[in-house]
Amino acid sequence: MRLGFNFTLGDTYDMVQRLLAEGHIDYCEFLIDNFFCVDPEELAKAFDCPIGLHIMYSKFLEANRPTLVDFAARLRDYIDVLNPMYVSDHILRFTHEGRAFFHLGEIDYSTEYESVRDRVVAWQEIVGHRIHFENYPSIMDGGREAPAFFERLMKETGAGVLFDASNAVCSHRNCGTPFEAWRNVIAEARHFHVAGYRHSLVEPFISLDTHAEALAPDTLAFLKDFRSVFDKPGATMTYERDDRIEFDDVVADLKLLRELFGQPEERRHDLALSA
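Nothing here was measured: the structure is a model prediction, and the numbers come from that model. For every chain, the first residue of the written sequence is number 1, and numbering continues from 1 along that sequence. Whole-chain, interface and lining totals are the exception, using all residues; otherwise, since this is a predicted model, local features are given only for residues with pLDDT of at least 70 and side-chain atom pairs are given and counted only at 80 or more. With hydrogens and water set aside, each side-chain value is computed from the structure's full complement of heavy atoms.

A. Examining the overall build of the protein chain more closely. Here a helix means four or more residues in a row that DSSP labels H or I, a strand means two or more in a row labelled E, and each is numbered from the N terminus. Helix and strand content of the protein chain: 11 helices and 12 strands. Expected size for 275 residues packed as a compact globule is a radius of gyration near 19 Å; at 18 Å, the protein chain falls within 12% of this value. C-alpha extents for the protein chain along the principal axes are approximately 60 × 40 × 35 Å. Counting the 275 residues in the protein chain, one finds 52% classified as buried. Sequence-distant contacts, at least 24 apart, represent 76% of the contacts inside the protein chain between residues at least 6 apart. To measure how exposed things are, a 1.4 Å probe is used in the Shrake-Rupley method; for residues, cover is taken only from the protein chains shown. For the protein chain, the accessible surface area stands at approximately 12,900 Å², while carbon and sulfur atoms represent 51% of it. We score Asp and Glu as negative and Lys and Arg as positive, and we do not count His or the chain ends. A single reference atom marks each charge: NZ on Lys, CZ on Arg, CG on Asp, CD on Glu. On the protein chain, the mean spot of the 28 positive side-chain charges and the mean spot of the 47 negative ones are 3 Å from each other. With the radius of gyration taken over C-alpha atoms, the globule rule is written as 2.2 Å times the number of residues to the power 0.38. Buried, partly exposed and exposed residues are distinguished by accessible area as a fraction of the type maximum, computed with a 1.4 Å probe on protein chains only: under 20%, between the cut-offs, and over 50%, respectively. Pairs of residues are marked as contacts when any of their non-hydrogen atoms sit within 4.5 Å.

This is the structure in structure tokens:
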């Protein structure tokens, strides 16, 4: 299992480079929307490590085709130069009847499968690359249908799932989605996210995927219980931290993940060759 860190803000550049130099991470994931202003060749020169590309605002479920073609053309420049291990995106809503959500909105898994499937097929065709779609930290009861939705989506579109373990924990806490229901999705997935969460400050109290806290005990327990399903050749686990980013705190969580998943396969291979 390779461990990585999500690079979302330019002012964390030095910290990400230090994480790489000290061996705390094996690769870097870019929230690529934030770096379209940077020449891809410049990014490639700045990061001597494997790369993942994570998309936040393609809005592929809502945007018209010309907008998506333009987004994809910009994205292709980075794919061609950086040759990423994976490209990932989100299945969610940004608006409802023309009005922007204050928080990102989850789809209705029971009624929207066909329309989402068709959009996924079209989006992958426009980008010209397989895309891994992230599961949502569900709040409503409909989240219990998410595992079967993603399992079917993978089979019928060839898309992958970027499985966010802490989002699954939030979904479990908020609407009771069983961890076991995700087993087949995790088994098929090769790329994962994990982060901290916190409780909302006002009622109804829910668990929010904040990327601002240390890994919670139940998140670590979930990873441990399903460790053999997560860990496989070519697997990556990106640690997300977008707020309250303190180097020592990040390293502490990365060490817990390293203890859980051991050394990446390349390093194990190197050790075997040198033994």
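B. Looking closely at the state of the cysteines. Count a disulfide wherever a pair of cysteine sulfur atoms falls within 2.5 Å. What the rule picks out here adds up to zero disulfides. Here cysteine 175 is not cross-linked by a disulfide; its sulfur's nearest cysteine counterpart is in cysteine 170, at 10 Å. The exposure class assigned to cysteine 175 is buried, which follows from its relative accessible area of 8%.

C. Focus on the sheet that holds strand 8 (residues 160–164). An order of 1-2-3-4-7-8-9-12 is seen for the eight strands of this closed barrel, with the pairing classed as parallel. Geometrically, the sheet is characterised by an average inter-axis angle of 30° between neighbouring strands, direction not taken into account. Note on pairing: DSSP must find at least two bridges between two strands before they are called paired. Every axis in this analysis is a line fitted to C-alpha atoms, fitted for helices over the stretch in contact. Angles between the N-to-C directions lie between 0 and 180 degrees.

D. Expanded view of the packing of aromatic side chains. Pairing of aromatic rings covers Phe, Tyr and Trp, the last counted by its six-membered ring, and requires centre-to-centre distances within 6.5 Å; plane angles under 30 degrees mean stacked, over 60 mean edge-to-face, and any other angle means tilted. In this structure the tally under the stated criterion is 26 aromatic pairs. Taken together, the aromatic side chains of Tyr109, Tyr113, Phe149, Phe150, Phe163, Phe179, Trp182, Phe192, Phe222, Phe226 and Phe230 make up a single cluster linked through ring pairs. Taking the ring centre of phenylalanine 94 as reference, the NZ or CZ of lysine 59 above it sits at 5.3 Å. By definition here, charges over rings are those cases where NZ of Lys or CZ of Arg is within 6 Å of the ring centre and within 35 degrees of the ring normal.

Distances and angles like these do not, on their own, reveal function.
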